Amino acid sequence: MHFTRYTVLFSFDQVLLGYKPWDHPWISTSNRKEKIKKYLSSGANFQEWQNDPHLGLHVYAWLAKYFNWEVYRRVFNSYKNIQSPENTEDRISTWIIQVNGLAF
């Protein structure tokens, strides 16, 4: 899940010669921003996040925009040194911990 979304966004930026995914109207429209605010204020239901690829893409696009692509390289490299979690909840927790620890 993480790698696929990363690959799509990275390809837009790096392969399509600097086409910044976070500047695309599909991501940057105020309608989309309002939908994310509503999602977060209603408790950020994970099932909704899984079913709506737009929500996930926003998270990944924002990470790339504000922390650069290097944060992804660091996170993916860190997975070489940790045991792979067995369930979805643990994988998400691991992802959040790794990004938080390596983004700053």
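Further up the page is the structure itself.
Residues numbered from 1 in each chain as written. Predicted model: local features only at pLDDT ≥ 70, side-chain atom pairs only at ≥ 80, totals over all residues. Heavy atoms only, no water.

Q: Before we move on, can you summarise the pattern of salt bridges with the specific residues and values?
A: Tallied over the entire structure, the rule returns four salt bridges. Here Glu34 ties to Lys37 by a salt bridge, and the two come within 3.7 Å at their closest N and O atoms. Here Glu34 pairs with Lys37, and both are found in helix H3 (residues 30-41), just three residues apart, close to one helical turn. Of the residues examined, Lys37 reaches a relative accessible area of 53% and is grouped as exposed. One network of salt bridges, with partners in common, ties together Glu70, Arg73 and Arg74. (Salt bridge = Lys/Arg side-chain N within 4 Å of Asp/Glu carboxyl O. Helix = DSSP H or I, 4+ residues; strand = E, 2+ residues; numbered from the N terminus. Buried < 20%, exposed > 50% of the residue type's maximum accessible area, 1.4 Å probe, protein only.)

Q: Now, about the packing of aromatic side chains: what can you tell me, with residues and values included?
A: Taken as a whole, this structure holds seven aromatic pairs when the rule is applied. Relative to Trp95, the ring of Tyr60 lies with its centre 5.9 Å away and its plane at 50°, an arrangement referred to as tilted. Remark: Trp95 occurs in helix H7 (residues 88-103) and Tyr60 occurs in helix H5 (residues 53-67); sequence separation between them is 35 residues. Grouping residues by exposure puts Tyr60 and Trp95 together as buried. (Phe/Tyr/Trp six-rings, centres within 6.5 Å; stacked < 30°, edge-to-face > 60°.)

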